[in-house]
Amino acid sequence: MAETTRAPEVPQVMQAVVCHGPGDYRLETLPVPHPGPGEALLRVEAVGICASDLKCYDGAAKFWGDASRPAWAETEVVPGHEIAGRVVALDDRATARWGIEPGDRVVVEQIVPCWNCRYCDAGDYHMCQVHNIYGFKRATQGGMQEFMILTPGSLVHRIRSEVPPAHAAFAEPLSCALHAVERAGLKFSDFVVVAGCGPIGLGVIAGAAAKSPAQIVALDMDPRKLKLAAATGADTTINVATEDAVSRIREMTGGYGADVYFEATGHPSAVIQGLNALRKLGRFVEYSVFKDDVSVDWSIISDDKELDVLGAHLGPHCWPSAIKLIEEGRLPLEEICTHQLPLEQFKTGLELVASGTESIKVSLIP
Ligand SMILES: [Zn+2]
Ligand SMILES: [Zn+2]
């Protein structure tokens, strides 16, 4: 087997953020990893901070377990799954598998499928039973470090080097949003409502706009985000802080309600709003990760409206389209990617995501 050659510019040590448990993330000096057989070494150029990174930092039960489920996240892990970087070193096997070379700018899918379970066998690799995701498991150390290893099962995609790194890393949330759009099975006649104009909601708007439905309505409380929603492809924007979205939607649809409602806020109130805004036989797509339980009257789903409720997780098979939309400049990424911070300011980054008022997408530049 060909030896991987270590490029001369690779140092011995580097800076990395390491998760030691909820609320305990530290900037540390680590040795630069050496790629093994079938692996690649990546110089990380940007890593987006996701709402899920914040929820993991805050100790959400989804990551750290509770009475009814075990912990899924692990400690001693470098966080970060929205990754863009430059290929530094790899062997023939990795070159053949991914079709990439040193110097290429790439993005990598967040999940590293096992390629050996019933979901992976069926092509539903995003539901892989093992479920190693970069930045949450020791086996898949994430992007909040200067150099990282792309493990052999990874899905790596090339992206044009003219795309700024923070924009390239947006391929992760965008692919997730495009998967949500696919779950809805959009039709040209659809009246579509998107609740929440953060990175996922804006991605849903861009993806829905690419499918050209009859109407896309964006909901948020922040006028600045609603402006971005319009720039991304929403036909109508409604500020839920000052307007009654459900009655506006009913007015706009002859009293029926929306065909499709995407929930991308993570707030329980947006779930109830969606059930009320949908028409009978409508489709509800849920993308959020919630901090709190949501209580709703499920008879709206059954007896009242016979709704289709569709979950969505990750962005399987949507990365090539996400990359194409980014390369074609179909999203106002200059405005969406609001903050790029050095690695040592990761806490400021998490705070910016938590407050959500100044930022849309916050990235670290290791
Ligand atoms: Zn993410
Ligand atoms: Zn699997």
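The structure displayed is predicted, hence computed values, not measured ones. Throughout, a residue's number is its position along its own chain's written sequence, starting from 1. In the order they appear in the text, chains get letters beginning with A and ligands get numbers beginning with 1. Totals for whole chains, interfaces and linings use every residue, but because this is a predicted model, local features are given only for residues with pLDDT of at least 70 and side-chain atom pairs only at 80 or more, for both listing and counting. Hydrogens and water molecules were not included; the side-chain quantities draw on all heavy atoms of the structure.

1. Observations regarding the pattern of salt bridges
Note on pairing: side chains with opposite charge can pair once their charged atoms come close. As a reminder of what qualifies: For salt bridges, the criterion is a side-chain nitrogen of Lys or Arg within 4 Å of an Asp or Glu carboxyl oxygen. The secondary structure listing takes helices from DSSP runs of H or I that are at least 4 residues long and strands from runs of E that are at least 2 residues long, numbered from the N terminus. Exposure classes here rest on a 1.4 Å probe applied to the protein chains alone. A residue is buried below 20% of its type maximum, exposed above 50%, and partly exposed in between.
Here the structure, examined in full by the defined rule, presents twelve salt bridges. A salt bridge links Arg 283 to Asp 190, with the nearest nitrogen and oxygen atoms 2.8 Å apart. In this pair, Arg 283 is assigned in strand E14 (residues 278–286) and Asp 190 in the loop between helix H6 (171–184) and strand E10 (191–195), connecting sequence segments 93 residues apart. In this structure, Glu 243 and Arg 248 form a salt bridge, with 2.5 Å as the shortest nitrogen-oxygen distance. Overall, Glu 243 belongs to the partly exposed group, its relative accessible area being 30%. The class for Arg 248 is partly exposed, based on a relative accessible area of 24%. Counted as one network, the salt bridges with shared partners bring together Glu 45, Arg 86 and Arg 105.

2. Describing the coordination of the zinc ion (ligand 2)
Quick note on the threshold: The donor set covers N, O and S atoms within 2.8 Å of the metal, switching to 3.2 Å for Na, K and Ca, and it leaves out water, so a site may look short of donors.
For the zinc ion (ligand 2), the full set of protein donor atoms is Cys 114 (SG), Cys 117 (SG), Cys 120 (SG) and Cys 128 (SG), at a range of 2.3 to 2.4 Å. Taken in chain order, the donor set of the zinc ion (ligand 2) reads C-x2-C-x2-C-x7-C. Of the two residues, Cys 117 sits in the loop between strand E6 (111–112) and helix H4 (118–121) while Cys 128 sits in the loop between H4 and strand E7 (132–133), which places them eleven residues apart along the sequence.

3. Overview of the packing of aromatic side chains
Stated formally: Classification of ring pairs uses Phe, Tyr and Trp, with its six-membered ring standing for Trp, and accepts pairs whose centres are within 6.5 Å; under 30 degrees between planes counts as stacked, over 60 as edge-to-face, and the remaining range as tilted. Lysine and arginine charges are scored as sitting over a ring when NZ or CZ, respectively, is within 6 Å of the ring centre and within 35 degrees of the ring normal.
Enumeration over the complete set of coordinates arrives at six aromatic pairs. Taking the centre distance of 5.4 Å and the plane angle of 15° together, the rings of Phe 63 and Phe 136 count as stacked. Of the two residues, Phe 63 sits in helix H2 (residues 61–64) while Phe 136 sits in the loop between E7 and strand E8 (147–150), which places them 73 residues apart along the sequence. For the residue pair Phe 63 and Phe 136, the accessibility class agrees, reading buried in each case. Relative to Tyr 125, the ring of Trp 115 has its centre 5.7 Å away and its plane inclined at 40°; by these criteria the two rings are tilted. Here Trp 115, found in the loop between E6 and H4, pairs with Tyr 125, found in the loop between H4 and E7; they are ten residues apart in sequence, far enough to count as distant. By relative accessible area, which is 5% here, Tyr 125 ends up buried. Taking NZ or CZ as reference, Arg 43 lies 5.2 Å from the ring centre of Phe 147, over its face. Over the aromatic face of Phe 63 sits the side chain of Lys 62, whose NZ or CZ is 5.3 Å from the ring centroid.

4. Looking at the coordination of the zinc ion (ligand 1)
The condition that has to hold: Sites are called tetrahedral only when four donors show all angles between 85 and 135 degrees, square planar or octahedral only when four or six donors show opposite pairs over 155 degrees and all other angles between 65 and 115, and irregular in any remaining case.
With distances of 2.2 to 2.7 Å, the protein atoms coordinating the zinc ion (ligand 1) are Cys 50 (SG), His 81 (NE2), Glu 82 (OE) and Glu 172 (OE). For the zinc ion (ligand 1), the four donor atoms in the first shell make angles of 74 to 155° at the metal, so the coordination geometry reads as irregular. Read in sequence order, the donor residues for the zinc ion (ligand 1) give the motif C-x30-H-E-x89-E. Of this pair, Cys 50 sits in the loop between strand E3 (40–49) and helix H1 (51–57) while Glu 172 sits in helix H6, and the two are 122 residues apart along the sequence.

5. Examining the pairing of strand E2 (residues 25–31)
In the case of a regular strand, side chains alternate between the two sheet surfaces. Condition: Any two strands are treated as partners once DSSP identifies two or more bridges connecting them.
As judged from the seven bridges shared by strand E1 (residues 13–19) and E2, these two strands associate in the antiparallel manner. Bridge pairing in E2 places Val 18 opposite Arg 26. What sits between the antiparallel neighbours E1 and E2 is a turn of five residues, in which Gly 21 has the positive phi angle 140°.

6. Description of helix H7 (residues 199–211)
Worth spelling out the cut-off: By this rule, a helix spans an expected 1.5 Å times one less than how many residues it contains. What makes two residues a contact is simply this: any of their non-hydrogen atoms within 4.5 Å.
Across its 13 residues, H7 extends 19 Å between first and last C-alpha, which sits within 8% of the 18 Å expected from 1.5 Å per residue. Listing the buried residues of H7 in full gives Pro 199, Gly 201, Leu 202, Gly 203, Val 204, Ile 205, Ala 206, Gly 207 and Ala 208. Buried residues along H7 sit in contact with H6, E10, strand E11 (215–220), helix H8 (223–232), strand E13 (258–263) and helix H12 (333–336).

7. Here's the deal with the packing of H6 against H7
The line we're drawing: Orientation is described by lines fitted to C-alpha atoms, with helices fitted over the stretch in contact, and by angles between N-to-C directions that extend from 0 to 180 degrees. Every angle not falling under 35 degrees, over 145, or within 65 to 115 is termed oblique; those three ranges are roughly parallel, roughly antiparallel and roughly perpendicular. The sense of a crossing depends on the near helix, which, turned anticlockwise from the far helix by less than a right angle, makes the crossing left-handed and, turned clockwise, makes it right-handed. For this classification, Asp, Glu, Lys and Arg are treated as charged, while Ala, Val, Leu, Ile, Met, Phe, Trp, Tyr, Cys and Pro are nonpolar and the rest, including Gly, are polar.
Direction vectors running N to C along H6 and H7 enclose 55°, while the axes themselves pass 8 Å from each other. In terms of axis orientation, H6 runs oblique to H7. Classified by chirality, the crossing of H7 by H6 is right-handed. Where H6 abuts H7, its residues Pro 173, Leu 174, Cys 176, Ala 177, Leu 178, Ala 180, Val 181 and Glu 182 lie against Pro 199, Ile 200, Gly 203, Val 204, Gly 207, Ala 208 and Lys 211. Partitioned by chemical class, the residues of the contact of H6 with H7 number eleven nonpolar, two polar and two charged.

8. Comments concerning the environment of Ile 360
Looking at where Ile 360 falls in the secondary structure, it is placed in the loop between helix H13 (346–355) and strand E17 (362–365). Judged by its relative accessible area of 8%, Ile 360 is buried. Distance in space between the C-alpha atoms of Ile 360 and Cys 337 is 6.4 Å, their sequence separation being 23 residues. Each residue touching Ile 360, except ones within four places of it in the same chain, is listed here: Gly 198, Pro 199, Leu 202, Arg 224, Lys 225, Leu 228, Glu 335, Ile 336 and Thr 338.

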